[in-house]
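# Results of the structural survey
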Amino acid sequence: MRTVNEVSRLTGVSVRTLHHYDAIGLLKPTKVTGAGYRLYDDTALSRLQSFLLFRELQFPLKEIKAMLDSPSFEPSEALTQQIELLELQHKHIGELISFAREIQKKGVKIMQFHVFDKSEIEQYKAEAKAKWGDTKEYQEYAQRHESGHDFGEATQQMMNLFAELGALRQLSPTDKAVQEKIRALQNFITSNYYTCTTEILSGLGQMYVNDERFKHNIDQAGGEGTAEFVKQAIDAYC
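First, a word on what this report is: a plain description of the structure on this page. Residue numbering note: each chain is counted from 1, following its sequence as written. With the structure being a predicted model, the display of local features is reserved for residues of pLDDT at least 70 and the display and counting of side-chain atom pairs for 80 or more, all residues being used for whole-chain, interface and lining totals. Hydrogen atoms and water are omitted, and side-chain values are computed over all heavy atoms in the structure.

## Brief notes about the side chain of Thr-226
Defined as follows: Helical segments are the DSSP runs of H or I of at least four residues, strand segments are the runs of E of at least two, and each set is numbered from the N terminus. The contact definition used throughout considers only heavy atoms, calling two residues in contact when any of these lie within 4.5 Å.
For Thr-226, the location among the structural elements is in helix α12 (residues 226-237). When sequence neighbours within four positions are dropped, the list of residues in contact with Thr-226 reads Phe-162, Gly-166, Arg-169, Ile-218 and Asp-219.

## Overview of the packing of helix α1 (residues 4-11) against helix α3 (residues 42-56)
Worth spelling out the cut-off: Between the N-to-C directions of two axes lies an angle of 0 to 180 degrees, each axis being a line fitted to C-alpha atoms and, for a helix, fitted only over the stretch in contact. An angle below 35 degrees is read as roughly parallel, one above 145 as roughly antiparallel, one from 65 to 115 as roughly perpendicular, and any other as oblique. Handedness of a crossing follows from how the near helix is turned relative to the far one, being left-handed for an anticlockwise turn of less than a right angle and right-handed for a clockwise one.
Their axes nearest at 12 Å, the elements α1 and α3 cross at an angle of 40°. The pairing of α1 with α3 is recorded here as oblique in orientation. For α1 against α3, the interelement crossing comes out right-handed. Here α1 contributes Val-7, Leu-10 and Thr-11 to the contact with α3, which in turn contributes Leu-45, Leu-48 and Leu-52.

## Notes on the packing of aromatic side chains
Inclusion rule: Geometry of aromatic contacts follows a simple scheme: Phe, Tyr and Trp rings, the Trp one being its six-membered ring, pair when their centres are within 6.5 Å, and the pair is stacked under 30 degrees between planes, edge-to-face over 60, tilted otherwise. For each residue, the accessible area found with a 1.4 Å probe, counting protein chains only, is set against the maximum for its type, and the residue is called buried under 20%, exposed over 50%, and partly exposed in between.
Within this structure, the stated rule accounts for three aromatic pairs. Ring centres of Phe-162 and Tyr-208 lie 5.3 Å apart, and the angle between their planes is 85°; on these two criteria the pair is classed as edge-to-face. Residue Phe-162 is found in helix α8 (residues 151-166), and its partner Tyr-208 is found in helix α10 (residues 198-210); the two are separated by 46 residues along the sequence. Under the relative-accessibility criterion, Phe-162 is labelled buried at 2%. By relative accessible area, Tyr-208 is classed as buried at 1%. Geometrically, the ring pair formed by Tyr-208 and Phe-214 is tilted, given 5.9 Å between the ring centres and 40° between the ring planes. The rings of Phe-162, Tyr-208 and Phe-214 are connected pair by pair, giving a single aromatic cluster.

## Comments concerning the pattern of salt bridges
Note the following rule: The salt bridge definition used is simple: a Lys or Arg side-chain nitrogen within 4 Å of an Asp or Glu carboxyl oxygen.
As enumerated under the stated definition, the model contains eight salt bridges in all. Glu-164 is the salt-bridge partner of Lys-181, the closest N and O atoms lying 2.7 Å from each other. In this pair, Lys-181 is assigned in helix α9 (residues 176-192) and Glu-164 in helix α8, connecting sequence segments 17 residues apart. Lys-181 gets classed as partly exposed once you look at its relative accessible area, which sits at 26%. The structure contains a network of salt bridges with shared partners spanning Asp-22, Lys-28 and Arg-38.

If you want it as structure tokens, here you go:
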């Protein structure tokens with residue numbers, strides 16, 4: 001067990017801030033002594049570590065709390081997501097540094113605004129929120145799961161949709177037939193899992209190529225390259 005002062009020295013989080021985290025239910029001490037001293041065990045420190053990483057990734061405090069409190073939250077999987085997000089941010093900062101040096105070298109008349117584009121990072125953050133957040137969509141999924149909804153059959157039907165999309169890989173992702181299949185995919189997710197908004201669908205498209213499990217299953221259903229094709233079609237649709 002560590003005291004609040006020890007946790008503050010270890011993490012760089014002020015004692016006052018730790019008291020605030022306790023007050024809002026973000027990080028409760030493991031134990032409070034009779035004298036009122038807060039004590040934290042390794043489980044509490046692990047939660048704090050997850051929180052600090054999400055905070056570095058600029059997630060709002062309310063969203064972080066919702067994710068950490070989600071019944072489905074899995075620290076090891078969240079850490080993988082955090083690493084991938086940090087790598088995206090590292091790449092983004094590197095590109096900004098190179099751009100700034102180019103301006104310094106050639107003058108301020110360079111007009112290249114693509115380096116400020118953070119859409120990939122924002123889409124990946126949306127995926128993390130969809131997966132761990134205590135969202136309306138997660139509530140829908142949980143309620144259907146508790147009601148005995150047959151997700152096994154739904155999963156097979158969804159794989160059939162990916163197989164149909166895979167059969168259209170020779171077309172452009174923007175082709176009308178492909179876009180109709182993406183609409184069918186969105187409607188299927190809404191009917192069988194949770195309300196699939198355009199934002200959520202966009203995040204799912206990223207997950208289909210970034211999560212090796214999804215990528216493998218989708219490519220297995222529709223053929224090599226199907227996951228990437230579906231992602232491109234979703235990007236066009238959204």
